[in-house]
Amino acid sequence: MVTLAEVAQHAGVSASTVSYVLSGKRSISTTTRQRVEESIRKLGYHPNAGARALASSRSNIIALMIPLRTDMYVPVMMEIAIAVAAGARTHGYDILLLTGEEGPDAVRRVTGSGLADAMILMDVELDDERLPLLRATDQPSVLIGLPADTEGLTCVDLDFRATGALCVEHLAGLGHRDIAVIGEAAAVYERHTGFAERTLDGLRTRARELGLRLLHRPCEGGYDTMAATLARVFDERPDTTGFVVQNEAAVEPLLALLRQQGRAVPEDVSVVAVCPEQVATQASVRLTSVAVPAQEMGRRAVEQLVAKLDGRGSDEVVLLAPELTVRASSGPAPVGP
């Protein structure tokens, strides 16, 4: 294992100079810093984590709180987590992954133990119980998600309210007047999870403005529950010709059930999804969709957090604009007999 003294010898400087380059505690000339950094790269030197933490009062670890619930689409959550980990590594940070449903206790554990320098929180609810603790601590944090009150917080998210509105506008432009929304599992709305609530608000508001009828039904996502949900939709609104799906597990059951009922997509029924690009493009009918920009969300969250750690950041809300991609699943509303 390469030592700090060996780096100093290779760079032709003192061990203390190498230490100052690593910690940033003293101003070092650009030429000397570059020489030390080049030696570090050539020798493959990695500072001892414990010693580095003691010297700098930092752990160089970011805690990522990502409760893995059975009613959430885990691949999206993990794609965001991977983007966070990759982004953090480019800035010299490692990730401490907390996957339990501990709520405020997880925040207390991190802030009270010095486990991490900062936190990124996911699966944010409108009235999230973790937020008072975040506001009360000096430890930097970023939310991937949007609570009802963002004062004193830094948040990064897709603009889900605009996403819902965009889906309605697309279907309205094709002549659809009755739209059904196949939503997340009921528990997601019972927790008032931010992304689901905001999408629904955008859908309802824009449908009302455009004079459309809109029906929302939560769904667990399996074939049997999707069959029951679809039967209920057509029983209550038999003239439904447009569907918006915000539930990855419901996509294929919905398409299969429509085929079985003799409803062609998009000739008889149009389907628009809010989902990852991969889900949309690999569906049995390529879906018109608004993509969830998981990698961009993770990357931007890390950028915001590192800026705060470096004393450059401020509390702000970063909303990514939705983009709708038209594919094979949406078309003009059918003309009645």
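In this text, all values refer to a predicted model and were calculated from it rather than measured experimentally.

Draft legend 1. Summary view of the sheet that holds strand β2 (residues 94-98). Reading across from one edge, β2-β1-β3-β4-β5-β11 is the order of the 6 strands in this open sheet, with parallel pairing throughout. Two strands close off the open sheet at either side, each with one partner strand: β2 and β11 (317-320). Going across the sheet, the axis of each strand differs from the next one's by a mean of 20°, ignoring polarity. Relative to strand β5 (residues 155-158), strand β4 (residues 141-144) runs parallel, the two being bridged by 2 bridges. In the sheet register, I144 faces β5, and the bridge partner there is V156. Of the strands in this sheet, β1 (61-65), β2, β3 (118-121) and β4 touch helix α5 (residues 74-90), which is tilted by about 150° from β2.

Draft legend 2. Structural detail: the side chain of T17. As for its position among the elements, T17 is in helix α2 (residues 15-23). The class of T17 is buried, set by a relative accessible area of 16%. In terms of polar contacts, T17 uses its side chain to reach the side chain of S14, at 2.9 Å. Once residues lying within four places of it in the same chain are set aside, the contact partners of T17 are I28 and T32.

Draft legend 3. Here's a closer look at the pairing of β2. Judged from the 5 bridges that link them, β1 and β2 form a sheet pairing that is parallel. Bridge pairing in β2 places L64 opposite L97. In the classification by handedness, the crossover that spans β1, the intervening α5 and the parallel β2 is right-handed.

Draft legend 4. Structural detail: the pattern of salt bridges. Within this structure, the stated rule accounts for 22 salt bridges. Here E38 and R41 are joined by a salt bridge, their closest N and O atoms 2.9 Å apart. Of this pair, E38 and R41 both sit in helix α3 (residues 30-43), separated by 3 residues, roughly a single helical turn. Accessibility expressed as a relative area gives 59% for R41, which makes it exposed. A single salt-bridge network, built from bridges that share partners, covers R69, D71, D123, E125 and R191.

Draft legend 5. Just the packing of aromatic side chains, in detail. Tallied over the full model, the rule gives 2 aromatic pairs. Centre to centre, the rings of F160 and F195 are 5.7 Å apart; their planes meet at 55°, and the pair counts as tilted. One end of the pair, F160, is in helix α8 (residues 160-173); the other, F195, is in helix α10 (residues 194-210), with 35 residues separating them in the sequence. Grouping residues by exposure puts F160 and F195 together as buried. Measuring from ring centre to ring centre gives 5.8 Å for F234 and F243, while their planes differ by 70°; the resulting arrangement is edge-to-face. Residue F234 is classed as buried on the basis of its relative accessible area of 11%. You can call F243 buried: its relative accessible area is 0%. The ring of F234 carries R263 above its face, with NZ or CZ at 3.6 Å from the centroid.

Draft legend 6. A look at the packing of α8 against α10. For the pair α8 and α10, interaxial distance at closest approach is 6 Å and the crossing angle is 40°. Relative to α10, the element α8 is oriented oblique. The element α8 and its partner α10 pack so that their crossing is right-handed. Each of F160, R161, G164, A165, C167, V168, E169 and A172 in α8 lies in contact with α10, whose residues at this interface are F195, R198, T199, D201, G202, L203, R206, A207 and L210. Considering only residue class, the contact of α8 with α10 consists of 9 nonpolar, 3 polar and 5 charged.

Draft legend 7. Representation of the sheet that holds strand β10 (residues 288-291) within the structure. Across the sheet, 6 strands lie side by side as β7-β6-β8-β9-β10-β12; this open sheet has mixed pairing. Each edge of the open sheet is held by one strand with a lone partner, namely β7 (213-218) and β12 (324-325). Of the strand pairs in this sheet, strand β6 (residues 178-183) and strand β8 (residues 242-245) are connected by 4 bridges, and their pairing is parallel. Considered in β8, the bridge of V181 is made with V244.

Draft legend 8. Region of interest: the pairing of β1. Extensive coverage of β1 is indicated by the burial of 4 of its 5 residues. As defined by bridge partners, β1 adjoins β3 across 4 bridges and the pair is classed as parallel. Opposite L64, over in β3, you have I120 as the bridge partner.

Draft legend 9. Looking closely at the state of the cysteines. Inspection of every chain in the model, using the stated rule, returns 0 disulfides. Note on C167: no disulfide assigned, nearest cysteine sulfur contributed by C275 at a separation of 9.6 Å. Exposure remark for C167: the relative accessible area of 0% places this residue in the buried category. The thiol of C219 is not disulfide-bonded; the next cysteine sulfur, from C275, is found 15 Å away.

Reading the values: the criteria
- Residues numbered from 1 in each chain as written.
- Predicted model: local features only at pLDDT ≥ 70, side-chain atom pairs only at ≥ 80, totals over all residues.
- Heavy atoms only, no water.
- Pairing = 2+ DSSP bridges.
- Helix = DSSP H or I, 4+ residues; strand = E, 2+ residues; numbered from the N terminus.
- Axes fitted to C-alpha atoms, helices over the stretch in contact; angles between N-to-C directions.
- Contact = heavy atoms within 4.5 Å.
- Buried < 20%, exposed > 50% of the residue type's maximum accessible area, 1.4 Å probe, protein only.
- Polar contact = N/O pair within 3.5 Å; in protein donor to acceptor, adjacent residues only side chain to side chain.
- Right-handed = clockwise from strand over helix to strand, strands pointing away.
- Salt bridge = Lys/Arg side-chain N within 4 Å of Asp/Glu carboxyl O.
- Phe/Tyr/Trp six-rings, centres within 6.5 Å; stacked < 30°, edge-to-face > 60°.
- Lys NZ or Arg CZ within 6 Å of the ring centre and 35° of its normal.
- Parallel < 35°, antiparallel > 145°, perpendicular 65-115°, else oblique.
- Left-handed = near helix turned anticlockwise from the far one by under 90°.
- Nonpolar A, V, L, I, M, F, W, Y, C, P; charged D, E, K, R; others polar.
- Disulfide = S-S within 2.5 Å.

The quantities given are spatial measurements derived from coordinates; they are silent on function.
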